[in-house]
Structure formats: structure tokens, C-alpha cells
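Each chain is listed here by its residues.
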Amino acid sequence: MVTGRSPRFTESTQGRLRRLNLATSLPPVVFAAVVLLYTDARTWWHVVVLAPGAVAAVVAFERWTANDLARVALPCLVVAAAVWPLGVLVTGSPNAYWGVCAVGSLALREVRRRRKLVMAGLFTYVAAVGAARLLVQRDDIGHVLVTYVLIPTVLTVVVTVFTVVGERFYDLIRELEQTREREAELAVVRERVRFASDLHDIQGHTLHVVKLKIALAQRLLLRDTARAEKELRETYTLVSDTIAQTKELAYAQRRLNLTAEMENAKNLFEAAGIRVRVTREAEVDARASELLGQVLRETTTNILRHAQATQVQITLAASGITIVNDGVTATTPPELRGLAALRQRVAGDGGELTVEQEDGRFLTAAVFPPARADAAPRVSGKDGR
């Protein structure tokens, strides 16, 4: 069993773990409760006595999967602990220990101090109550010791050990989750650094050239007015171009190299612990390549920020590009303004940008008509993991 106990898990991971536990472990727990009641209850009032222990175990398990065991642990443990002596002394039910065994092993996970002492107390209680059967059945001491003492105590120990092992497994999952979150955050930071580097490349170079041209114009102003005027016109044009380039960069509209963007996306996903597979079936023309690079960059950022992806498939074909990722956490597609702006640009260039969400998977595809997508065929190759 995998626990969803820790508040350090993201909400989506918490939900997936809860659904996994409910689907795989709750049915056997309920089945065991029904079988034990059917086996031990010989009259209707036996059911009345034994049923609360089984119900307490099921409730505790369900609340445990919801990360809410602490609120019901004590009441469930009291009920289950009371059923075991009633089963031993009143109904003669050797399986009545099951409730206190299940609830106790789960409740131990909430104990932070002296856990070994509490664990020993649980085992001792199960054994001592089972031995109390000798007060009403003294004719077969060996049978009582095996049925009411040895088997319940050993099974309680086994269940508790498995619970402790499961907790260690949970700790590993938590560490992996935290590592994945840190890697995703680092990947976003790297993307921001790359954006800052692009901005520096645009404005740093321009400002340096503007400084030189203004200094030159100052020196030429008195002796060569025409040349000074020319330098000032070029400076004005350069500043205007820089403003346009900065705006394009801010809205992800700067010309991009598709090959470089595919390699960058692959590196970002791998850094975030996401399996990525890149398939290049053909090349596209230069104009389509620019837009596809913008779509890929925006989609990469959206996946890192909005999804809990574990794998991504990127396919480049003659007609366009398709990116598919899992780990979608929302029931409805999120509002992605960057892709909405790109959809208008792609449509204005004769193409179509499609965004779909289905069964926990998100698909982003940019497709151009054959006239725009024609390109020289290339031998198919695959890159990635």
C-alpha cells in the first residue's frame, strides 16, 4: 500500500495515491471484514458485538488514505480494542482481534515518540486479551494458546511490520516527489535565465552601439553635419528595431531556431525528471520552423508550470509539430494565454493550432497546409529517452 499521508505531497499526487489505495487495498479490507464476521458470528447478536470492530477498521483505513487518520484514530482504536475482549470472553470469536490489529498498525504511523514502546504495548494487549480466554475455556489450553494468543499476536506483528515497511516506501516516494518539484522549479529558473540572456543580447548590444554612435555624432556635429545626421538616423532606427525585438521577445514572438528549441525542450524536461521522446520525421520550411519553435517553447513552459508530467512525446512531421504530455491535474483545460496568442499567429499564417485534453493527457499540435509544410524528406530518426 502507498500512503497519501504527507502534506508535502502536491494535491494532484495526493489524489492519485488516494485513488490507488482505494482501488487496490480497500476491497480486500472490506472482504476480510465480511469473511471474518461470517466465520465468527453464529447468531445475530454476535454480529452486533463484532461488527463495530470491522467497521472501525474500514473507517480508519479510508480516513488514512484521505490523510485524515489523526482525527478518527483514537475513537476507532477504542472501539476495536473493546471488541477484542468481547469476542474472546462473550462470543468466542478468535478473529475479533482483526479490528484492533488493523487500526493499531495504522495508528502507529501517527506516533512520533516512543513508537517501539507503543508497538510492544499493542502486541502485549492482543496476547493478553487472547490469553483471557482461559478464564472461560480451561479444558483445552493448547487450543486456546494457539487460536487466541499465538495466531492473533503473530498476525498483528506481521501486519505492523508490513505497515512500517510501507512507511519507508512512502518516504521514498515523498523524496522523489520533492526532488521532482525541485528539478521542475530549476528548469523554470533556467528558462527565465535564458530569457534574461536573450534580453541582454538584444538590449546590451544595442545600447553599446547607440553610445558609440552618439559619441561619434557629437564629434561630427560641427565639422560634418551630414555625417552626424546620418549617424543619428541610424541610431533612431536601431532603437526602434530594438523596441520591436524586445516586444517580440516578451510575447514569445522572436524568431527561433526549431532545432535548438527541440534540444532545449529535451534538456529542460530531462532536468525536471520527465521522460521525453523526440521524433523527427521530416523538415519544414524556414517560416513554419519559426512558428513551430515558438509553439514548442510556450508548450514546454506550460508543461513545467501547470502539469505533473512524467513523460512527453514530441513529434516533428512535414505538416507541423505535435506535443503530448501526461500528468494533467485539472478537469478542464487551463487558460493558456501564450498559446491563445500563438493560435492567432498560426491561423494568420494559414495553419491551425490545436489544444486538447483527454484522459489525463494534454495534446498541443500546430499544423500547416501542404503548401507551407512541403520540405525535403529526411531519414526518420529518434532522439531522447
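Throughout this description, residue numbers start from 1 for each chain and increase along the sequence as written. With the structure being a predicted model, the display of local features is reserved for residues of pLDDT at least 70 and the display and counting of side-chain atom pairs for 80 or more, all residues being used for whole-chain, interface and lining totals. Note that water and hydrogens are dropped before the side-chain values are worked out from all heavy atoms of the structure.

As for the UniProt feature "transmembrane region" (unreviewed entry) in the protein
- UniProt positions are given in the numbering used here, feature names are shortened, and annotations may be inferred rather than shown by experiment. When the UniProt feature table is mapped to this numbering, "transmembrane region" (unreviewed entry) covers residues 20-38, 44-61, 73-90, 118-136 and 142-165.
- Secondary structure is summarised from DSSP: a helix means a run of H or I of at least four residues, a strand means a run of E of at least two, and numbering begins at the N terminus for each. Each end of residues 73-90 is marked by a C-alpha atom, and these two atoms are 25 Å apart; helix forms 100% of the span and strand 0%.
- Annotated as residues 142-165, this span is 100% helix and 0% strand, and its ends, taken at the C-alpha atoms, are 33 Å apart.

Let's talk about the side chain of Thr 279
- Inspection of the secondary structure puts Thr 279 in strand β1 (residues 275-282).
- Only protein chains enter the accessibility calculation, which uses a 1.4 Å probe. A residue is then buried if its area is under 20% of the maximum for its type, exposed if over 50%, and partly exposed in between. Here Thr 279 falls in the buried class, since its relative accessible area comes to 10%.
- Here a polar contact means two N or O atoms within 3.5 Å. Within protein one must be a hydrogen donor candidate and the other an acceptor candidate, and residues neighboring in sequence count only if both atoms are side-chain atoms. A polar atom in the side chain of Thr 279 sits 3.3 Å from the side chain of Gln 313.

Overview of the environment of Thr 301
- Examined against the element boundaries, Thr 301 turns out to sit in helix α10 (residues 286-306).
- Overall, Thr 301 belongs to the buried group, its relative accessible area being 14%.

Notes on the pairing of strand β2 (residues 311-317)
- Whether two strands pair depends on DSSP finding at least two bridges between them. Taken together, the 6 bridges between β1 and β2 define a ladder with parallel strand orientation. Bridge pairing in β2 places Arg 275 opposite Gln 311.
- With antiparallel pairing between neighbouring strands as the criterion, β2 and strand β3 (residues 320-325) make up a hairpin whose turn holds 2 residues.

Examining the packing of helix α3 (residues 44-65) against helix α5 (residues 98-107)
- It is at 8 Å that the axes of α3 and α5 come closest, and there the two elements cross at 20 degrees. Here α3 lies roughly parallel to α5, going by the angle between them. As α3 packs across α5, the resulting crossing turns out to be left-handed. Where α3 abuts α5, its residues Gly 53, Ala 54, Ala 56, Ala 57, Ala 60, Phe 61 and Trp 64 lie against Trp 98, Gly 99, Ala 102, Val 103 and Leu 106.
- When grouped by side-chain class, the residues that make up the contact of α3 with α5 number 10 nonpolar, 2 polar and no charged. Note on geometry: axes are C-alpha line fits, over the in-contact stretch for helices, and angles between N-to-C directions span 0 to 180 degrees. Each angle gets one of four labels, with under 35 degrees taken as roughly parallel, over 145 as roughly antiparallel, 65 to 115 as roughly perpendicular, and the rest as oblique. Rotating anticlockwise by less than a right angle from the far helix to the near helix defines a left-handed crossing, while the corresponding clockwise rotation defines a right-handed one. Contacts were defined at the residue level, with two residues in contact if any of their heavy atoms lie within 4.5 Å. Residue classes follow a fixed rule: Ala, Val, Leu, Ile, Met, Phe, Trp, Tyr, Cys and Pro count as nonpolar, while Asp, Glu, Lys and Arg count as charged, and any other residue, Gly among them, counts as polar.

A look at the packing of α5 against helix α6 (residues 115-131)
- Two elements in contact, α5 and α6, have axes separated by 11 Å at closest approach and are oriented at 175 degrees. Viewed along their axes, α5 and α6 adopt a mutual orientation that is roughly antiparallel. Between α5 and α6, the contacting residues are Val 100, Gly 104 and Ser 105 on the first element and Leu 122, Tyr 125 and Val 126 on the second.
- By residue class, the composition of the contact of α5 with α6 is 4 nonpolar, 2 polar and no charged.

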